[in-house]
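Inside the fold
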There are 2 protein chains.
Amino acid sequence: MNEPVNLDAKFASFSEHWAPRRVASYNGNDIRIVKVAGEFVWHAHDDTDDFFLVLDGELDIELRDRTVTLGPGELFVVPRGVEHRPVARRGEVRMINIEPGGTHNLGDDSPQRPVIDG
Amino acid sequence: MNEPVNLDAKFASFSEHWAPRRVASYNGNDIRIVKVAGEFVWHAHDDTDDFFLVLDGELDIELRDRTVTLGPGELFVVPRGVEHRPVARRGEVRMINIEPGGTHNLGDDSPQRPVIDG
């Protein structure tokens, strides 16, 4: 049976960037928390939307035609197939990310770490 | 194309309880915000998990064998098929709830309001 998740406690349990922790599962989707800093890579998910909710810090989600900036308490869904690059230029960002379980479609040379249970 | 969502601004736009607003969509699932106070009804969702993330206040999710209490920054997923009753006994609660789009399976006599775009 599922257990309640305290996000602050989960965030306190790790320090690596771009290393998502799966803290829960919803209908086969991972509810992930992640700390990020600096630039990720341009990518798109052909089969899924990509959900971001920023809890701390300020995240730029660069799209090819604009940049969406999210602060604490702000969310954005990148539609499937849309190229994007998450960038944290102004300090560490803590966020919730939702993707289907097992989503690892960026290629072996990407900076994405495997999702681990956290 | 999607737009970023500021949760505080969305919460400021309505005051009714148990009247979820759909603020985004992720792979056909509604990302909903809702203000609640008092008791909901016992129910289960046979076809879907039910995701709760509390942002303000304290929510009891009563299960048949225990009660899960969530404060700000705490989340819980009620597995599909599991009977539960959300209750806010100690003031208003603001939360994010994720369910498949169109989930209205509580019957006509439930207090659940239709989900509206907000």
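About the thresholds
- Residues numbered from 1 in each chain as written.
- Chains lettered and ligands numbered in written order.
- Predicted model: local features only at pLDDT ≥ 70, side-chain atom pairs only at ≥ 80, totals over all residues.
- Heavy atoms only, no water.
- Phe/Tyr/Trp six-rings, centres within 6.5 Å; stacked < 30°, edge-to-face > 60°.
- Lys NZ or Arg CZ within 6 Å of the ring centre and 35° of its normal.
- Buried < 20%, exposed > 50% of the residue type's maximum accessible area, 1.4 Å probe, protein only.
- Helix = DSSP H or I, 4+ residues; strand = E, 2+ residues; numbered from the N terminus.
- Pairing = 2+ DSSP bridges.
- Contact = heavy atoms within 4.5 Å.
- Least-squares fit on C-alpha atoms with pLDDT ≥ 70 in both.
- Buried area = accessible area lost by both parts, 1.4 Å probe.
- Salt bridge = Lys/Arg side-chain N within 4 Å of Asp/Glu carboxyl O.
- Polar contact = N/O pair within 3.5 Å; in protein donor to acceptor, adjacent residues only side chain to side chain.

1. Concerning the packing of aromatic side chains
- In total, this model carries four aromatic pairs over all chains according to the counting rule given.
- Over the ring of Trp42(B) we find Arg64(B); its NZ or CZ atom is 3.8 Å from the centre of that ring.

2. Quick word on the pairing of strand S7 (residues 74-78) of chain B
- In terms of burial, S7(B) is largely enclosed, as five of its five residues are buried.
- Residues Glu74(B), Phe76(B) and Val78(B) line one face of S7(B) and the alternating positions Leu75(B) and Val77(B) line the opposite face, and both faces are buried.
- The pairing of strand S1 (residues 5-6) of chain A with S7(B) spans two bridges and is antiparallel. Each bridged residue has a counterpart across the sheet, and for Val5(A) the counterpart in S7(B) is Leu75(B).
- Examined bridge by bridge, strand S4 (residues 50-56) of chain B and S7(B) share five bridges and lie antiparallel to one another. Within the sheet, the bridge partner assigned to Phe52(B) lies in S7(B) and is Phe76(B).

3. Some thoughts on the environment of Tyr26(A)
- Locating Tyr26(A) in the fold gives a position in strand S2 (residues 21-26).
- You can call Tyr26(A) buried: its relative accessible area is 1%.
- A C-alpha to C-alpha distance of 9.9 Å links Tyr26(A) and Glu99(A), two positions 73 residues apart in sequence.
- Discounting residues that sit within four places of it in the chain, Tyr26(A) has contacts with Ile31(A), Asn29(B), Thr48(B), Asp49(B), Asp50(B), Phe51(B), Ile98(B), Glu99(B) and Pro100(B).

4. Some words on the relation of the copies chain A and chain B
- Once turned by 180 degrees and shifted 0.0 Å along the axis, chain A lies on chain B with an RMSD of 0.0 Å. Taken together, the rotation and translation relating the two chain copies correspond to the operation of a two-fold axis.
- Of the interface residues in chain A, 100% have counterparts in chain B that sit at the interface too, so the contact is made through matching surfaces.

5. Things to note about the interface of chain A and chain B
- Facing the 35 residues of chain A at the interface are 35 residues of chain B.
- Taken together, the two surfaces of chain A and chain B that pack against each other cover about 2700 Å², and 61% of this comes from carbon and sulfur.
- For the chain A face of the interface with chain B, the top three residues by lost area are Met1(A), Tyr26(A) and Leu75(A), together amounting to 23%.
- In this structure, the connection of chain A to chain B is made through two salt bridges.
- Measuring nitrogen to oxygen at the nearest pair gives 3.4 Å for the salt bridge that ties Glu3(B) to Arg66(A).
- Seen at the junction of chain A and chain B, the total is 20 residue pairs in polar contact (both at pLDDT 80 or more).

6. Describing the side chain of Arg32(A)
- Examined against the element boundaries, Arg32(A) turns out to sit in strand S3 (residues 29-39).
- At 3.0 Å, the side chain of Arg32(A) and the side chain of Asp30(A) are in polar contact.

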